[in-house]
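Listed here are the chains, written in short residue letters.
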Amino acid sequence: GAVVSQHPSRVICKSGTSVKIECRSLDFQATTMFWYRQFPKKSLMLMATSNEGSKATYEQGVEKDKFLINHASLTLSTLTVTSAHPEDSSFYICSAILRLASYNEQFFGPGTRLTVL
Amino acid sequence: AQKITQTQPGMFVQEKEAVTLDCTYDTSDQSYGLFWYKQPSSGEMIFLIYQGSYDEQNATEGRYSLNFQKARKSANLVISASQLGDSAMYFCAMREGVATGNQFYFGTGTSLTVIP
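The residue numbering used here restarts from 1 in each chain and proceeds along that chain's sequence as written. Chain labels run from A onward and ligand labels from 1 onward, assigned in the order the entries are written. Note on the predicted model: pLDDT of at least 70 is required for a residue's local features to be given, and 80 or more for side-chain atom pairs to be given and counted; whole-chain, interface and lining totals, by contrast, use all residues. Neither water nor hydrogens contribute to the side-chain values; these are computed over all heavy atoms in the structure.

Focus on the overall build of chain A
Under the DSSP-based scheme used, a helix requires at least four consecutive residues in state H or I and a strand at least two consecutive residues in state E, with every element numbered from the N terminus. The helix and strand inventory of chain A stands at zero helices and 11 strands. Its helices and strands in sequence order give chain A the pattern β-β-β-β-β-β-β-β-β-β-β, from N to C terminus. With the radius of gyration taken over C-alpha atoms, the globule rule is written as 2.2 Å times the number of residues to the power 0.38. In summary, chain A has a C-alpha radius of gyration of 14 Å against a globular reference of 13 Å for 117 residues, a match within 12%. Principal-axis analysis of the C-alpha atoms gives chain A an extent of 45 × 30 × 25 Å. Only protein chains enter the calculation, and the probe is 1.4 Å; a residue is then buried if its accessible area is under 20% of its type maximum, exposed if over 50%, and partly exposed in between. Relative to its full complement of 117 residues, chain A shows a buried share of 52%. Residue contacts follow a heavy-atom distance rule, with two residues in contact if any of their heavy atoms lie within 4.5 Å. Expressed as a percentage of contacts within chain A between residues at least 6 apart in sequence, the contacts between residues at least 24 apart total 54%. The accessible surface values rely on the Shrake-Rupley method and a 1.4 Å probe; as for residues, cover is taken only from the protein chains in view. Counting only carbon and sulfur atoms, one obtains 52% of the accessible surface of chain A, whose full area is about 5800 Å². Positive residues here are Lys and Arg, negative ones are Asp and Glu, while His and the chain termini are left out of the count. For charged residues, the charge sits on one atom: NZ in Lys, CZ in Arg, CG in Asp, CD in Glu. Taking the average place of the 12 positive charges on the side chains of chain A and the average place of its 9 negative ones, the gap between the two points comes to 6 Å.

Shown next as structure tokens:
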């Protein structure tokens, strides 16, 4: 199946710093990528839809200025958590959409665990 | 209203037995897709099975089958011959029609524990 990578897999940072997470589709082009946030033992919460060459679409309640998304190419989307605070600590998962003949399949990255001290 | 409802927060099954994980959905779209994903403790989301709203037959993928009852709006996952490695969180998801821009809705998940 298609492969999506995320980097880094784990990051620990100090409060007030910015953290960039990369999401890459390794063997296919993805015009649409999603960014999710997941709290322990909870479901995935969609944060934003990232479209190549255009601005991301954010879900209600997600701060655009805090979670910057850039989808600069068909294989790369980045999420930057600006001025991170402890409450931003979470598991962040990206996914990329592969358009198949009969349906769109979503392939997930392995996730990035962010801990803000 | 919740788009996807999973009413079983936790389930236990004996190794080699079959187990059914429940999922109901809510949509007014005629065209939609239903997915099941497995998330082990590592955090990675693993695609298991897909059912299209127009598919007349229930989807099957190896030991996984989807019991699709369109009138009831349910899409239960059946795992046959459970293995210890099946212990994980399982999420049901739905993609609605074109107008929603490929957005997926996830249920709250079911934690499955396979007992030796």
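A short note on the pairing of strand β9 (residues 74-79) of chain B
Residue and element names in this part refer to chain B. In terms of burial, β9 is a largely internal element, five of the six residues being buried. Any two strands are treated as partners once DSSP identifies two or more bridges connecting them. As paired strands, strand β3 (residues 19-21) and β9 are joined by three bridges and run antiparallel to one another. Note on β9: the bridge partner recorded for Val-19 is Ile-79. As defined by bridge partners, strand β8 (residues 64-69) adjoins β9 across six bridges and the pair is classed as antiparallel. Residue Asn-67 lies in a different strand from β9, and its bridge partner there is Asn-76. Between β8 and β9, which follow one another and run antiparallel, lie four residues, and Lys-73 among them has a positive phi close to 55 degrees.

Brief notes about the environment of B:Gln6
All names here are of chain B. Positionally, Gln-6 belongs in the loop between β1 (4-5) and β2 (10-14). You can call Gln-6 buried: its relative accessible area is 6%. Note: C-alpha distance between Gln-6 and Thr-108 (102 residues apart in sequence) is 6.1 Å. Apart from residues no more than four positions distant in its own chain, Gln-6 is found in contact with Asp-22, Trp-36, Tyr-90, Phe-91, Cys-92, Gly-107, Thr-108, Gly-109 and Thr-110. Polar contact criterion, stated in full: a pair of N or O atoms within 3.5 Å, where within protein one must be able to donate a hydrogen and the other to accept it, and residues adjacent in sequence count only if both atoms are side-chain atoms. Within the structure, the side chain of Gln-6 is placed 3.1 Å from the backbone oxygen of Tyr-90, a separation counted as a polar contact. Side-chain polar atoms of Gln-6 contact the backbone nitrogen of Cys-92, separated by 3.0 Å.

Side note on the side chain of A:Lys66
Residue and element names in this part refer to chain A. For Lys-66, the location among the structural elements is in the loop between β6 (57-58) and β7 (67-73). Overall, Lys-66 belongs to the buried group, its relative accessible area being 11%. Once residues lying within four places of it in the same chain are set aside, the contact partners of Lys-66 are Thr-80, Val-81, Thr-82, Ser-83, Ala-84, His-85 and Asp-88.

On their own, these measurements won't tell you what the molecule is for.
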